[in-house]
Amino acid sequence: MSIEGGTQLKQKKWALMVLATALALQSHVAAVDFSDFPSDWSAAPLTRAVEDGLLTGTGGSINGNGKLTRAEMATIVNRAFGASVQASLDAYTDVTAQAWYYTEMAKAVQMGIFEGSGNQLFPDAEITREQAFTVLARAFLMPAGNPAHLDAFSDGDRVSPRAQSSVAALVEGGYIHGADGKLNPRSGITRAEFAQVMCNLVGMYVSMPETVTQAEVGNLMVRTAGATLRDLTVDGDLVLGDGLGAGEITLEQVKVQGRLLVRGGGEESIYLTGVEVADGVVLTNANTPTRIVTKDSSLGPVEVHSALIVEGDMDEVHVAGTASITGRSGKVGALHIAEAASDVQITVEKGAQVDHLTVNGPSARVDGKGTVKTVQANADNLAVATPNTKVVVSKDVAGVTVGGKQISAGQTVQTTASGSVSGGKSGNAGSGSSSHPGDTGTTETTQYCTARMIDLSYAQYVVLTFAEGSTVTDYTVAVDGMAVDEAALRKVDHSGRIVKWEPENGWKLNESHTITVTRRTDGKQQTLVVHPLGQTKGGRDA
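Read on for an overview of the structure.

What about the packing of aromatic side chains?
- In the structure shown here, the tally under the stated rule is 5 aromatic pairs.
- Summarising the aromatic geometry, the rings of W100 and Y101 are spaced 5.3 Å apart at their centres and angled 75 degrees between planes, so their arrangement reads as edge-to-face.
- On the basis of relative accessibility, which here comes to 55%, the residue W100 falls in the exposed class.
- An aromatic cluster of at least three residues, connected via ring pairs, comprises Y448, F466 and Y475.
- Cation over ring: R263 sits above F81, and NZ or CZ is 5.5 Å from the ring centre.

Structure follows, in structure tokens:
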């Protein structure tokens with residue numbers, strides 16, 4: 001061996017000794033804080049869990065071998081993602097407001113990671129390994145895994161059918177490995193075991209509003225607003241956690257070798273400059289609309305499950321669930337609305353452009369003064385009101401209106417610069433009629449508002465979209481004859497043109513409800529009826 005090679009070997013050995021010493025010191029520091037801190041394999045993951053703020057122990061004990069309850073796991077995941085917004089737990093009978101875990105369970109439900117069964121969340125019950133893996137798959141927005149990967153384990157067939165795709169996703173990602181060829185899916189999981197899984201899932205946390213220029217190996221979690229990531233490569237997924245709240249984050253010259261997962265951020269924006277994402281973007285923000293500003297970036301497909309505001313260019317946007325998309329500037333090459341996504345609102349503002357929109361989900365609305373070049377209508381009850389738009393209606397599709405006119409199946413039409421279209425029959429694009437209280441029911445062509453009901457399982461909303469150029473402040477709203485306070489109408493977009501109202505207890509999703517919108521300037525009204533989810537007056541899916 002050459003002298004140079006020997007020197008390099010000595011340097012490597014010295015570096016490893018320094019690293020080992022540092023880890024031992026870290027474990028020693030953690031051990032000092034807890035009377036029962038272990039010295040076996042679990043010392044390293046428990047040390048990291050303490051340093052990352054996931055575990056705090058109780059009464060001076062870390063209890064590494066203790067089995068996790070559902071409430072304890074909810075608490076750890078909330079801490080990992082920086083979650084703070086709480087859902088109402090009124091629908092659940094086994095979580096009292098006095099319990100230590102009340103706010104933690106409320107956060108986990110708001111995140112959409114805990115569902116429970118019936119009207120119970122079972123907070124005090126031990127969580128099984130397959131249940132824990134299912135929660136993590138939801139939290140990290142993992143696509144369904146192939147259950148065939150479970151065949152590598154002798155007890156893979158014991159994974160419950162509803163958990164198979166989630167457990168398989170973690171196996172495929174290399175996040176869980178089992179022990180002695182087994183997954184033990186229905187056994188409990190210890191605090192140390194769960195700490196190890198979290199170490200596998202997250203290589204580094206960003207918890208301060210600082211500039212980060214170097215990332216550890218593995219997925220990177222940002223759980224605070226105000227941070228800047230610059231000139232770095234993420235060796236895995238980059239997770240923008242719930243802890244961003246409605247704040248901002250800046251990414252400059254960042255390469256993400258996995259996915260960009262967006263769970264937080266608001267209208268203050270996620271700024272992406274010179275960002276490359278290998279496996280696309282997934283947006284699921286249960287709390288606020290998310291504004292993404294792009295410049296010189298390559299994001300891949302953007303999968304949307306919640307309200308998105310776009311400024312800049314995106315090649316592909318796939319709307320996977322009920323959501324609103326607002327284009328303020330830049331260009332979207334292809335926008336797809338999935339079959340399962342109903343009542344999607346697409347607003348393209350002046351200066352923004354969508355080259356091609358494919359609508360496979362029912363009851364979509366497309367409006368604004370921007371450019372939508374072509375629309376392929378493959379679903380019922382679509383309404384298009386953008387200027388200079390070519391609309392192609394597929395066969396066997398009903399209820400399509402373009403520029404306020406009903407368009408028959410199989411037709412192709414083009415809107416004018418004003419958004420109107422010649423020919424066709426007058427349509428009910430406004431989903432209601434407008435009149436003055438003193439009139440005799442005369443219907444006007446101008447519609448003030450559209451309404452739709454949304455069920456997110458953990459919350460139900462009525463979303464109101466007011467006419468272009470107007471906002472909620474221009475009207476008063478009543479539901480089933482009862483006035484709704486303006487403060488209860490929460491903005492979905494920055495202007496207040498789109499708002500949502502969360503009903504009080506007693507609201508019934510299986511009943512129709514009447515909404516009356518009154519224009520403040522002249523008292524003219526529009527009355528709308530929102531039908532039960534999955535139904536319309538004619539019995540079609542909506």
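Right, picking up where we left off after that structure.
Looking at the packing of helix α3 (residues 70-81) against helix α4 (residues 102-111)
- Where α3 contacts α4, the axes come no closer than 9 Å and their chain directions differ by 65 degrees. Judged by the sense of rotation from one axis to the other, the crossing of α3 with α4 is left-handed. Residues R70, A71, A74, T75, V77, N78 and F81 of α3 pack against E104, M105, K107, A108 and M111 of α4.
- Within the contact of α3 with α4, the residues separate by chemical class into 7 nonpolar, 2 polar and 3 charged.

Some details on the nonpolar core
- Counting residues in each nonpolar core, the largest one holds 67 residues, and the members touching the most others are L136, F140 and F194.
- Of all the elements in the fold, those that place two or more residues in this core are α2 (43-51), α3, α4, α5 (129-139), α6 (164-172) and α7 (191-201).
- Tallying contributions element by element places α3 first for this core, with 7 residues.
- Beyond its immediate stretch of four places on either side in the chain, F194 contacts L68, M73, I76, V77, A132, L136 and I189.
- With 61 residues, the next largest nonpolar core counts M204, I270, L283 and A323 among its residues.

Some thoughts on the pattern of salt bridges
- In total, this model carries 14 salt bridges according to the counting rule given.
- In this structure, R48 and D52 form a salt bridge, with 2.9 Å as the shortest nitrogen-oxygen distance.
- Exposure remark for R48: the relative accessible area of 23% places this residue in the partly exposed category.
- Given the relative accessible area of 17%, D52 is considered buried.
- Between R138 and E115 there is a salt bridge, with the nearest N and O atoms lying 3.4 Å from each other. Highlighted residues: R138 in helix α5 and E115 in the loop between α4 and α5, separated in sequence by 23 residues.
- Residue classification places R138 among the partly exposed residues on the basis of a relative accessible area of 27%.

The rules we used
Residues numbered from 1 in each chain as written. Predicted model: local features only at pLDDT ≥ 70, side-chain atom pairs only at ≥ 80, totals over all residues. Heavy atoms only, no water. Phe/Tyr/Trp six-rings, centres within 6.5 Å; stacked < 30°, edge-to-face > 60°. Buried < 20%, exposed > 50% of the residue type's maximum accessible area, 1.4 Å probe, protein only. Lys NZ or Arg CZ within 6 Å of the ring centre and 35° of its normal. Axes fitted to C-alpha atoms, helices over the stretch in contact; angles between N-to-C directions. Helix = DSSP H or I, 4+ residues; strand = E, 2+ residues; numbered from the N terminus. Left-handed = near helix turned anticlockwise from the far one by under 90°. Contact = heavy atoms within 4.5 Å. Nonpolar A, V, L, I, M, F, W, Y, C, P; charged D, E, K, R; others polar. Core = buried A, V, L, I, M, F, W, Y, C linked by side-chain atoms within 4.5 Å. Salt bridge = Lys/Arg side-chain N within 4 Å of Asp/Glu carboxyl O.

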